[in-house]
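The chain contents come next:
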Amino acid sequence: MKKVVFFAGLLLLCASCKTVHKTSTTRQISAPIEAAVTADLDVQKTKISYTYYPSKQVRRGGEKNVKAAAVAEALRMNGNADVLVESQQEVYVRTGLTGKKIKSVTVTGYPATYKNFKSVDEETLKKVMISKCCK
């Protein structure tokens, strides 16, 4: 009787422990251009430098995420510009027993804002589409 109870318990443990793996895939879907617009870029003459200390949540996203957050924070702190021209990122990484940890990112560049938005004419749009197609 003890053997039956033991094997029944063992069978129950094996049946209840199940690992579930789920994956998903994405498909590339080409979307048509809804509106083609160009804009002028107003670049400031002064170069900015900003040091960003990422939080634990930002570091979880990886180095690329930390750099993007550093650029966004630098733009927000220096006049709320749209883009950083000629940007350079200097990443300070500390290596310890548990692995690498990004301590800070120093971002330098010229803040710029978009202005004077204009619609693109058909001829310019065709040239852009042909250049993208033939690369």
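Look up a bit, the structure's there.
## Looking at the pattern of salt bridges
Two side chains bearing opposite charge may form a pair once their charged atoms approach each other closely. On inspection of all chains with the given rule, the structure shows 2 salt bridges. In this structure, K67 and E63 form a salt bridge, with 3.6 Å as the shortest nitrogen-oxygen distance. Placement of the pair is K67 and E63 together in helix α3 (residues 63-77), with a separation of 4 residues, close to one helical turn. Among the ionic pairs, R76 bridges to E73, the shortest N-O distance being 2.6 Å. You can see R76 and its partner E73 sitting in helix α3, 3 residues apart, about one turn around the helix.

## Points about the nonpolar core
Counting 13 residues, the largest nonpolar core has V66, A70, V71, L75, L84, V105 and V107 as the members making the most contacts within it. Listing elements by their share of this core, those giving two or more residues are β2 (48-52), α3 and β4 (99-119). In terms of residue count, α3 provides more of this core than any other element does, 5 residues in total. Apart from residues lying up to four places away in sequence, A70 is in contact with Y50, Y52, V105 and V107.

## Focus: the pairing of β4
Relative to β4, strand β1 (residues 37-43) is paired through 6 bridges, and the arrangement is antiparallel. Bridging across to β4, V43 finds its partner in A112. Judged from the 5 bridges that link them, β2 and β4 form a sheet pairing that is antiparallel. Within β4, the position partnered with I48 by the bridge is G109. Bridge count between strand β3 (residues 83-96) and β4: 12 bridges; the pairing is antiparallel.

## Brief notes about α3
Across its 15 residues, α3 extends 21 Å between first and last C-alpha, which sits within 8% of the 21 Å expected from 1.5 Å per residue. Those residues of α3 that sit buried are V66, A70, V71, A74 and L75. Contacts made by the buried residues of α3 are with β2, α2 (56-59), β3 and β4. With its phi angle positive at about 90 degrees, G79 sits one or two positions after the end of α3.

## Concerning unusual backbone geometry
Of note in the backbone geometry, N80 takes a positive phi value of approximately 55 degrees without being a glycine. The phi angle at E86 is positive, at roughly 50 degrees, despite the residue not being glycine. The topology assignment puts E86 in strand β3. Taking relative accessible area as the criterion, E86 reaches 59% and is therefore assigned exposed.

## A few points about a nonpolar patch on the surface
Nonpolar side chains collect at one region of the surface, where V37, L41, V43, Y114 and F117 lie side by side and expose about 480 Å² of accessible area between them. Residue assignment for the nonpolar patch shows that the elements contributing at least two residues are β1 and β4. A total of 3 residues in the nonpolar patch trace back to one element, the largest contributor, which is β1. Relative to the elements of secondary structure, V37 occurs in strand β1.

Each value, and the rule that gives it
Residues numbered from 1 in each chain as written. Predicted model: local features only at pLDDT ≥ 70, side-chain atom pairs only at ≥ 80, totals over all residues. Heavy atoms only, no water. Salt bridge = Lys/Arg side-chain N within 4 Å of Asp/Glu carboxyl O. Helix = DSSP H or I, 4+ residues; strand = E, 2+ residues; numbered from the N terminus. Core = buried A, V, L, I, M, F, W, Y, C linked by side-chain atoms within 4.5 Å. Buried < 20%, exposed > 50% of the residue type's maximum accessible area, 1.4 Å probe, protein only. Contact = heavy atoms within 4.5 Å. Pairing = 2+ DSSP bridges. Expected span 1.5 Å × (residues − 1). Patch = residues over 30% accessible without salt bridge, like charges linked within 9 Å, V, L, I, M, F, W, Y side chains within 5 Å. Areas by Shrake-Rupley, 256 points an atom, 1.4 Å probe, with all protein chains shown as cover.

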